[in-house]
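Listed here are the chains, written in short residue letters.
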Amino acid sequence: MKKLVVPILAAVTLYSCSNTDDNTVTTNPDEKYLNGYFITNEGNFGKGGASVSHLSADLNTVTNNIFKTANGKDLGDVAQSIVVNDDYAFVIVNNSNTIEVVNKKTFKSVYTITQGLNTPYYATVSNDKLYVTSLYNPTVSVYNAKTFAFIKTIDLNFPATNIVTANNYVYAANGFYSKGTSIEVIDPSSDTNTVDITFDNAINGITTNGQFVYALETNDTASKISKIEGTQVTTSVNIAQGNSRYLVADGEDLFYTVGTGIYKTANTATSSGTKLFDVTPAEDGFSVLYGFNVINGNIFVSDVKGFKDIGTVTIYKENGTVTKEFKTGIGPNGFYKF
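Thresholds applied
- Counting of residues starts from 1 at the beginning of each chain's written sequence and follows it residue by residue.
- At least 70 in pLDDT is required for a residue's local features to be given in this predicted model, at least 80 for side-chain atom pairs to be given and counted, and no such filter applies to totals for whole chains, interfaces and linings, which use all residues.
- Side-chain calculation: all heavy atoms of the structure are included, whereas hydrogens and water are not.
- Helix and strand definitions follow DSSP, with helices as H or I runs of at least four residues and strands as E runs of at least two, each counted in order from the N terminus.
- The buried label goes to any residue with under 20% of its type's maximum accessible area, the exposed label to any with over 50%, and the partly exposed label to all in between, with areas taken from a 1.4 Å probe on protein chains only.
- Contact definition: two residues touch when any of their heavy atoms are within 4.5 Å.
- Polar contacts, as used here, are pairs of N or O atoms within 3.5 Å; protein pairs need one atom able to donate a hydrogen and one able to accept it. Residues neighboring in sequence count only if both atoms are side-chain atoms.
- Here a cavity means grid points, on a 1 Å grid over the protein atoms only, where a 1.4 Å probe fits yet cannot get out; a pocket means an open set of points with protein on both sides within 12 Å along at least five of seven lines; lining residues are those with an atom within 4 Å of a point.
- Grid points are joined across faces, edges and corners, and a volume is the space filled by probe spheres set on the points.
- Aromatic contacts are taken between Phe, Tyr and Trp rings whose centres are within 6.5 Å, Trp giving its six-membered ring; a plane angle under 30 degrees counts as stacked, one over 60 as edge-to-face, and the others as tilted.
- Either the NZ atom of lysine or the CZ atom of arginine qualifies as a charge over a ring when it sits within 6 Å of the ring centre and within 35 degrees of the ring normal.

Next up on the list: the environment of Thr260. Structurally, Thr260 can be placed in the loop between strand 21 (253–258) and strand 22 (261–266). Among the residues examined, Thr260 registers a relative accessible area of 26% and is labelled partly exposed. Expressed as a C-alpha distance, the spacing of Thr260 and Phe277, which sit 17 residues apart in the sequence, is 8.4 Å. Ignoring sequence-local partners within four residues, the contact set of Thr260 consists of Phe277, Asp278, Val279, Pro281 and Leu289. At 2.8 Å, the side chain of Thr260 and the side chain of Asp278 are in polar contact.

Our next topic: the layout of surface pockets. Roughly 190 Å³ of internal volume is contained in the second largest pocket. In terms of lining residues, the second largest pocket is bounded by Val279, Thr280, Val288, Val301, Ser302, Asp303, Lys305, Thr312, Thr314, Tyr316 and Glu325. Looking at the lining of the second largest pocket, the elements that each hand over two or more residues are strand 25 (298–303) and strand 26 (312–316).

The description of an aromatic ring pair uses the distance of the two centres, along with the angle that the planes make with each other. Considering all chains together, one arrives at 16 aromatic pairs under this definition. Measuring from centroid to centroid gives 6.1 Å for Tyr33 and Phe107, while their planes differ by 80°, and the two rings are edge-to-face. With Tyr33 in the loop between helix 1 (2–18) and strand 1 (37–41) and Phe107 in the loop between strand 6 (98–103) and strand 7 (109–113), this residue pair connects regions lying 74 residues apart in the sequence. Phe107 matches Tyr33 in its accessibility class, with the two residues each being buried. Every member of this aromatic cluster is reached through a ring pair, and the members are Tyr33, Phe38, Phe107 and Phe338. The aromatic ring of Tyr37 is capped on one face by Lys337, whose charged end is 5.5 Å from the ring centroid.

Any functional reading would require information beyond the geometric quantities listed.
In structure tokens, the structure reads:
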């Protein structure tokens, strides 16, 4: 009998709410993170201290350590990256060898993935499955993105760094620290490594605008950006500078860095980039531009302060004007908007 009473009461309640004079939409006070930006903070390697910060959509309010605030426990050691599906955010915690699954609206913990992981690095979601690269192993671990159950391990030829999804494929880019010079393409319908797209140099950046995939390869003297459609490179453009880093898509543009310079080119990948501005170099040579992304025209750059102090994030406009600067946790390395 109770099973009959509950839906009747629910229907009455909904009807009552929809007929009040007050049209205010009631929001769940716990759903603090419906909008805005997320920043992963690595913490000090081997000492824990990983955290996630949230920046409001209007760039005015910064809230640090949101995982611990929501859950009353520490996140772990080295928050490497975040990926989301419809309901959940998956926080890849590299040196803890875990993936913390949280409600993406509240950041409250849902599950902790531990099975099948070996130094997880980056992840993507495709076909309701979570694909996770390993820092040291030439493998991609696959999980059900709704139940979080481990499914299988896909063998690669070399360890992969970043991994993205576009159309009907998953693209795992051989990392800068490996000897691989390929993007290994996975068919999510069969979870097999079906095609290797080869390049002359290691891939130092991979990104997607949801339609196409873009790869940045580089050596000490030159670089190249290639546009990939399906499993084929359709366009490439050479860049005169070597040792270019990152590659991110934002709207109709691609952004990458060389040294302290921020560069922009069109996502047609038919012309080399134009330098926008230089960020102030770090005294130790590595702390500035440890993290980089461009989201909705906002250029995010982190300074990890040598991991001796809490980090700072600076947001620039394309003309180099600073829009916002704020402190985060230790080692800010990535910026996301869901």
